[in-house]
Structures are given as C-alpha cells and as structure tokens.
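Here are the chains, one letter per residue:
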Amino acid sequence: MTNLAAGPREQLAEQLAEAAAEALRQDLSQNDRALLVLSGGSTPVPFFQALARQSLPWERVDVTLADERWVSETDEASNARLVRRHLLQDQAEAASFVSLTTDDETPEQGVEAVTRRIEALSWPASLVVLGMGGDGHTASLFPDSRELELGLTTDAPVLATRTPSQPQARITLSADRLHQARRHVLHITGDDKRSVLARALSGDDSRELPIRAFLSCPLAVYWAP
C-alpha cells in the first residue's frame with residue numbers, strides 16, 4: 001500500500017487529480033477509450049474540480065460511479081448531480097457520463113438496465129476512486145446491509161442495496177466489478193477516517209469493515225487532515 005498523505009485537502013485534491021489524469025493519459029495512449037469510476041460525498045468535490053481542469057482528450061473518457069442513491073439526478077443527495085456540477089465542467093465537459101439510475105421506482109427494478117450500461121464500458125477501468133465512511137463502508141457496501149455478503153461475493157457487476165442506517169435505497173457496483181481496474185485509490189480526510197483505516201488494516205473480516213475487501217489489492221491512500 002502506498003501512503004501519499006500530506007498537506008491540506010486542496011493540495012491533496014490537486015495531487016490526486018494529477019495522478020488520475022496521468023493514469024487516463026497512459027491508458028488512452030494504448031486504447032480508444034478509458035473508464036474512470038468515482039465515489040460521491042463531500043470529500044471528492046475539490047478533487048473533481050481539480051480534475052476538470054486537467055488537459056485530456058476527455059471525449060474519449062467514460063465516467064461512472066461506484067454507487068448511487070436511488071433518487072432523481074436533481075436531488076441534492078444524487079452523486080450524479082455532484083459529478084455533473086463539479087467534474088463535467090471546463091475541459092471535462094466532453095467526457096461521457098454513465099448514470100447508475102433509471103426511471104424505475106426501485107433499484108431492484110433498474111438493476112438489469114444499469115447492468116447493461118456497465119458491462120458496455122471499457123473494462124478494466126483505468127482508475128477506481130473509493131471513499132470510506134466512518135463505519136468502514138465503501139461504495140454502498142455497508143456493514144449493516146442485508147445485501148453485503150452478496151455484494152462481496154457475486155460476480156454480477158451491479159446490485160441493489162438497502163441498509164437500516166441509510167434513508168434511501170441504493171445501487172452499487174459489486175466488489176468484484178470494482179476490483180476490475182488497473183489502479184485503485186482510497187481518498188479520505190480527517191483523523192476519524194484515518195483511525196477507521198487503521199482498524200481495517202488490523203483485521204481481515206470484510207463483513208465488519210467492508211473497505212477491507214480492497215486492502216489486499218494495490219491501493220494508493222490519499223489522506224489529509
């Protein structure tokens with residue numbers, strides 16, 4: 001594991017944006033298209049903004065999400081809204097964004113259509129940028145979700161998830177699909193998240209702390225206070 005922690009959050013975001021852009025450039029030099037898988041929440045906003053300023057052939061880049069709340073893209077809680085507002089601007093406006101939601105009432109009803117979209121992308125992804133919650137969840141693989149075991153073991157790319165600790169139903173890429181990337185990054189901030197990561201590193205039960213499912217693969221950790 002590579003630890004690239006240092007400096008204020010904005011500086012960290014710039015460093016991560018430069019690394020992501022370089023990964024995309026490398027893969028686009030050998031392939032027609034490249035895939036970037038991102039996570040939502042407040043932590044990645046400065047990273048999205050910094051990445052949008054990077055000079056890339058964005059028209060050859062596909063962007064999708066590790067997970068999404070089953071809400072409208074106009075909803076404040078939508079990760080897609082976050083990406084469109086903060087990343088798909090400036091030069092990055094030319095990128096192709098692939099949503100994880102449909103017009104169906106539930107994520108269970110939308111899984112089949114979203115699966116087709118995801119399978120059509122250019123895997124392996126160039127980069128998967130993961131986040132992590134205080135409970136050790138990543139994507140929508142929550143420790144208290146009844147679908148956690150399925151999310152950790154299925155070879156299906158997408159699954160619907162529901163968890164008592166979250167108000168909205170969700171859809172998420174499976175651990176197997178998230179593993180299908182050339183590079184993985186964990187982007188976290190704050191001492192509390194560092195403590196959770198330390199706990200995760202001290203054990204191996206992914207059902208307790210789902211982020212553990214990704215600690216065995218090469219994972220660059222970008223952390224700032």
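Conventions used here
- Residues numbered from 1 in each chain as written.
- Predicted model: local features only at pLDDT ≥ 70, side-chain atom pairs only at ≥ 80, totals over all residues.
- Heavy atoms only, no water.
- UniProt positions renumbered as here; feature names shortened; annotations may be inferred.
- Salt bridge = Lys/Arg side-chain N within 4 Å of Asp/Glu carboxyl O.
- Helix = DSSP H or I, 4+ residues; strand = E, 2+ residues; numbered from the N terminus.
- Buried < 20%, exposed > 50% of the residue type's maximum accessible area, 1.4 Å probe, protein only.
- Phe/Tyr/Trp six-rings, centres within 6.5 Å; stacked < 30°, edge-to-face > 60°.
- Lys NZ or Arg CZ within 6 Å of the ring centre and 35° of its normal.

Taking an unreviewed UniProt entry as the reference, the protein is identified by name as 6-phosphogluconolactonase belonging to Billgrantia tianxiuensis. In its Pathway (unreviewed entry) section, UniProt records this for the protein: "Carbohydrate degradation; pentose phosphate pathway; D-ribulose 5-phosphate from D-glucose 6-phosphate (oxidative stage): step 2/3."

**Quick word on the pattern of salt bridges**
Applying the stated criterion to the full structure yields 15 salt bridges. Residues Arg 116 and Glu 112 are paired through a salt bridge, measuring 3.3 Å at the closest nitrogen-oxygen approach. Taken together, the residues Arg 116 and Glu 112, both in helix H4 (residues 107-119) and four residues apart, mark about one turn of the helix. Take Arg 116 and Glu 112: they sit in the same class, and that class is exposed. What emerges from the salt-bridge pattern is a single network uniting Asp 27, Arg 182 and Arg 183.

**Quick look at the packing of aromatic side chains**
Applying the stated rule across the entire model yields one aromatic pair. Aromatic pair Phe 47 and Phe 48: ring centres 5.8 Å apart, planes at 50°, arrangement tilted. Classification of Phe 48 by relative accessible area gives buried; the value is 0%. When the ring centre of Trp 123 is taken as reference, the NZ or CZ atom of Arg 177 above it lies at 5.0 Å.

**Quick notes on unusual backbone geometry**
Excluding glycine, residues mostly have negative phi values, and the peptide bonds linking residues are mostly trans. Residue Trp 123 is joined to Pro 124 through a cis peptide bond whose omega torsion reads 0°. By the secondary structure assignment, Pro 124 is in the loop between H4 and strand E6 (127-130). A positive phi is found at Asp 90, a non-glycine position, where the angle reads about 50°. Here Asp 90 is to be found in the loop between helix H3 (79-86) and strand E5 (96-98). Its relative accessible area of 54% is what places Asp 90 among the exposed residues. If you check the backbone angles, Ala 139 has positive phi at about 50° while not being a glycine. Among the secondary structure elements, Ala 139 is positioned in the loop between E6 and helix H5 (148-153).

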